[in-house]
Amino acid sequence: MQNLKRILANTTLFRMLDERQLEELTTATQPIRATTNTCVVNQGDAPKGVYVVVYGQVKIGFDRKDGSEKTLAILGQNKCFGLGEMLLDREHLAFVKTTTDSMLLHTTREKVLEVAKDNFGFAQELMVCVGRQLYTLTRDIESYSLQTAKQRLAGYLLRQNQYQAGDTVELIASKTLIASRLSLTPETLSRLLHDFSSDGLINVMGRRIKILDHERLGALLTA
């Protein structure tokens, strides 16, 4: 129980809670250890609470009519999901599956809302998380509607570079999964990476991509 409480205290979502509130949430939190490709949430599931990724990675997506999957988000350590559904009390519209062996925490809806009533900082953090997810979704819709495949990849590499130190981007998932995330086919992604490399914009080393020319890569977004 103390170990679980310590894990909760180290997550971004719950970091501002006091000892009493952490104790309350700990009693309403269930650790979930899941192997690769485990479905944690199914489309249509009721919103029972919020999930936090302790380690590992999950993908959020839905099944297309042709049997393929569309990836909406790829979430790693310290990221949360299920907040929007929980706050609206609406069923999950997308599935959530692990992409590697993972540990998640699930905290019940009732206890999260109860603690949020007593802690404005926590309530604010919930709103920030939902707002960030909505912003990302809106940006993605704009990207899919208005940007070319080349622009989508350039934007993705530059955003990832902002989150990682230096000029080298470590791809957070397989190229197939990232292609789905960018609404590209794996073949198109591979071709674009080859083209960017041939043009001297990047250097591809497996899942490590070194950005050689930030200015020219950024110029693609307005071309």
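Residues numbered from 1 in each chain as written. Predicted model: local features only at pLDDT ≥ 70, side-chain atom pairs only at ≥ 80, totals over all residues. Heavy atoms only, no water.

Caption draft 1: Spotlight on the sheet that holds strand β10 (residues 202–205). On the basis of which strands lie adjacent, the open sheet formed by three strands has the order β9-β11-β10 and antiparallel pairing. Since the sheet does not close on itself, it has two edges, and those belong to β9 (168–170) and β10, each with one partner. Taking the axes of each pair of neighbouring strands and ignoring which way they run, one obtains an average angle of 20° across the sheet. One ladder, built from three bridges, connects β9 with strand β11 (residues 208–211); its direction is antiparallel. Residue threonine 168 lies in a different strand from β11, and its bridge partner there is lysine 210. (Pairing = 2+ DSSP bridges. Helix = DSSP H or I, 4+ residues; strand = E, 2+ residues; numbered from the N terminus. Axes fitted to C-alpha atoms, helices over the stretch in contact; angles between N-to-C directions.)

Caption draft 2: Quick look at the packing of helix α1 (residues 2–9) against helix α2 (residues 19–27). Between α1 and α2, the least distance of the axes is 9 Å, while the angle of their chain directions is 115°. You can see that α1 and α2 cross each other, and the crossing is right-handed. Contacts between α1 and α2 pair Gln2, Leu4, Lys5, Leu8 and Ala9 from the former with Glu19, Leu22, Glu23, Leu25 and Thr26 from the latter. Taken together, the residues that form the contact of α1 with α2 break down as five nonpolar, two polar and three charged. (Left-handed = near helix turned anticlockwise from the far one by under 90°. Contact = heavy atoms within 4.5 Å. Nonpolar A, V, L, I, M, F, W, Y, C, P; charged D, E, K, R; others polar.)

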